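Each chain is listed here by its residues.
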Number of protein chains: 4
Amino acid sequence: MVLYITYMEILIRAGDELPIYRQVMNQITEALAVGRIHPGDKLPSHRNLAEQLVIAPLTVKKAYDELESLGFLETQRGRGTFVCLKLPRLKMAEQRDQIAAAARKLLSLAYMVGLDFRDAVAILKKVENEMLQGAPSAVRGTADKEDQ
Amino acid sequence: MVLYITYMEILIRAGDELPIYRQVMNQITEALAVGRIHPGDKLPSHRNLAEQLVIAPLTVKKAYDELESLGFLETQRGRGTFVCLKLPRLKMAEQRDQIAAAARKLLSLAYMVGLDFRDAVAILKKVENEMLQGAPSAVRGTADKEDQ
Amino acid sequence: MVLYITYMEILIRAGDELPIYRQVMNQITEALAVGRIHPGDKLPSHRNLAEQLVIAPLTVKKAYDELESLGFLETQRGRGTFVCLKLPRLKMAEQRDQIAAAARKLLSLAYMVGLDFRDAVAILKKVENEMLQGAPSAVRGTADKEDQ
Amino acid sequence: MVLYITYMEILIRAGDELPIYRQVMNQITEALAVGRIHPGDKLPSHRNLAEQLVIAPLTVKKAYDELESLGFLETQRGRGTFVCLKLPRLKMAEQRDQIAAAARKLLSLAYMVGLDFRDAVAILKKVENEMLQGAPSAVRGTADKEDQ
DNA sequence: GTGGTCTAGACCACC
DNA sequence: GTGGTCTAGACCACG
């Protein structure tokens with residue numbers, strides 16, 4: 001079922017060390033990974049999303065552009081921005097590195113506060129549940145069929 | 001047992017999105033979390049470590065400075081840089097946030113390449129083993145600690 | 001009223017025992033204490049201030065960085081450096097210690113040149129007047145603050 | 001009355017930003033300013049004082065040397081270190097600058113925690129009382145008269 | 001134009 | 001030899 005996404009569950013932290021456009025990118029790819037949005041879905045326009053997030057339109061535009069150049073999004077002039085039907089695959093090496101880095105980070109944070117491996121897994125489980133909840137507001141897709 | 005750390009297992013990836021001084025910081029705090037270095041240990045001088053890593057001394061210095069202002073390291077003029085005897089504790093709220101963020105990152109990366117929860121845990125286990133291996137070269141501490 | 005500070009009343013004494021970046025830090029916190037600058041104000045860029053003071057940009061940057069890690073300033077990439085809306089509070093013990101140390105210093109210097117307590121208070125009064133005078137050049141803030 | 005000072009009320013803070021030898025210098029000149037030690041008094045040997053303070057003898061030596069070159073102390077080979085009978089006077093300009101700087105520091109610290117001028121004066125008064133109390137252990141001088 | 005990072009030196013102060 | 005400071009550039013990323 002293809003959706004018109006009208007509201008994205010994105011949280012911007014202004015003072016964060018991660019630039020705003022990266023926060024937007026990350027949360028869009030996370031939503032994708034978790035299945036809150038799907039291939040073919042239509043994202044809000046960059047101006048619209050910028051308004052929702054109370055940030056500069058150019059910043060959202062940059063996030064969309066980056067995601068487009070990475071192969072996650074596809075912009076159709078005059079129609080809007082869509083999630084690509086065929087999502088890109090990272091190279092195996094990059095995948096491994098990134099996942100391993102995230103794992104190291106999680107473990108060292110956990111160890112530093114006295115948790116052990118089992119605790120870390122428990123947290124992971126809890127976070128998984130959170131991620132699966134909460135879906136974006138959407139209306140049924142009425143777009144032409146040629147872009148599906 | 002307090003050690004003079006003479007060699008740090010630190011890997012710099014030049015093109016990484018993380019700045020070099022942050023890579024150094026992260027790997028020092030990881031070494032701490034995992035127990036490869038301990039409170040009271042003496043780290044190599046920033047010049048020395050810079051030489052080992054083939055980067056500019058100021059870059060290592062910046063990493064040490066940040067870690068000092070975070071309460072992990074302590075520098076003594078003319079004597080060297082040491083791991084604080086009393087390590088800082090994050091507030092509970094910050095702890096939870098940071099750990100949860102790391103967990104989200106790990107899961108979304110895993111999902112994005114088609115892995116499931118069990119796979120993620122398996123990776124976590126593998127990474128744990130890697131982190132526990134490899135200890136820095138060191139000599140037994142012979143310093144008098146009474147003037148610290 | 002939030003201001004764009006364009007000129008800071010900062011005097012650098014090159015040969016001073018206090019390093020330049022500390023002189024900058026001190027005079028910024030003094031300006032804050034005395035009300036010459038306020039929470040939310042935008043400071044000149046570190047390059048700009050460095051030009052005004054005829055010192056290296058990195059030196060001002062270091063002062064800003066330290067003040068940021070102390071919680072006085074906040075930097076936003078591409079936007080500038082601002083006085084924090086919520087200024088940090090020292091712990092009572094630290095406060096007392098620092099103030100007492102400053103008082104000791106003042107008195108011992110005064111005594112050493114033959115002044116007495118009343119003289120010291122008179123000097124204190126005179127210095128207070130100096131500190132309250134002189135405000136930085138500034139223009140009215142026109143920035144939208146909603147994205148901070 | 002000339003004294004043999006056998007114990008100095010000196011507190012060393014190892015991690016302080018002020019180098020140790022400066023802490024020693026400052027506290028000796030403060031003791032002088034406040035009248036806890038007097039011209040002609042014999043200070044403990046640098047080794048002895050170093051032992052009391054649990055710091056390196058060379059560090060105390062450096063403090064004594066500096067104070068000697070400033071005209072506060074006088075070392076007599078084989079006899080010991082004495083407070084000069086004729087204490088040096090700083091140049092007027094230096095005096096004014098240093099005292100004013102101390103006053104600025106005191107006021108800005110006080111302002112920053114919400115105190116006003118009267119509070120600052122009250123603190124000053126309290127500190128004065130503390131400084132006048134506490135005298136160094138000493139025995140009556142039995143030294144030859146030629147150095148008095 | 002802003003901050004963020006980095007380099008490759010230099011000189012000094014400390015212990 | 002250690003850390004502390006400073007310079008005078010450079011290039012990049014952000015908004």
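Coordinates for the structure precede this section.
Residues numbered from 1 in each chain as written. Chains lettered and ligands numbered in written order. Predicted model: local features only at pLDDT ≥ 70, side-chain atom pairs only at ≥ 80, totals over all residues. Heavy atoms only, no water.

### Remarks on the overall build of chain A
On a plain count of helices and strands, chain A comes out with five helices and five strands. When the helices and strands of chain A are placed in sequence order, the string is β-α-β-α-α-β-β-α-α-β. Out of the 148 residues in chain A, the part that is buried amounts to 40%. Here the contacts in chain A between residues at least 6 apart in sequence split such that 61% fall between residues at least 24 apart. Total accessible area computed for chain A in this model is approximately 8,300 Å², and 52% of it derives from carbon and sulfur atoms. (Helix = DSSP H or I, 4+ residues; strand = E, 2+ residues; numbered from the N terminus. Buried < 20%, exposed > 50% of the residue type's maximum accessible area, 1.4 Å probe, protein only. Contact = heavy atoms within 4.5 Å. Areas by Shrake-Rupley, 256 points an atom, 1.4 Å probe, with all protein chains shown as cover.)

### A closer look at the relation of the copies chain C and chain D
These two copies of the chain differ by a rotation about an axis and a displacement along the same axis. Once turned by 180 degrees and shifted 0.1 Å along the axis, chain C lies on chain D with an RMSD of 0.5 Å. In short, the pair behaves as if placed about a two-fold rotation axis. The fraction of interface residues of chain C whose copies in chain D are also interface residues reaches 100%, indicating that both copies meet through the same surface. (Least-squares fit on C-alpha atoms with pLDDT ≥ 70 in both.)

### With respect to the protein's contact with DNA strand F
Close to DNA strand F lie 25 residues, the nearest being Tyr21 of chain A, Ser45 and Arg47 of chain B together with Ile20 and Thr59 of chain C. Near-protein atoms of DNA strand F (within 4 Å) split between backbone and bases, with sugar and phosphate holding 73%. Backbone polar atom of Ala56 of chain C to a phosphate oxygen of DNA strand F: 3.1 Å apart, as the coordinates give it. Here Thr59 of chain C contributes a side-chain N or O atom positioned 2.7 Å from a phosphate oxygen of DNA strand F. Among the secondary structure elements, those contributing two or more residues to the surface near DNA strand F are helix 1 (20-34) of chain A, helix 2 (46-53), helix 3 (57-69), strand 3 (73-76) and strand 4 (80-83) of chain B together with helix 1 (20-34) and helix 3 (57-69) of chain C. It is helix 3 of chain C that contributes the most residues to the surface near DNA strand F, three residues altogether. Per-class residue counts for the surface near DNA strand F are nine nonpolar, nine polar and seven charged. (Near = heavy atom within 4 Å. Polar contact = N/O pair within 3.5 Å; in protein donor to acceptor, adjacent residues only side chain to side chain. Nonpolar A, V, L, I, M, F, W, Y, C, P; charged D, E, K, R; others polar.)

### Side note on the environment of Ala100 of chain A
Checked against the element boundaries, Ala100 of chain A lands in helix 4 (residues 92-112). Taking the C-alpha atoms as reference points, Ala100 of chain A and Val24 of chain A, 76 residues apart in sequence, are found 23 Å from one another.

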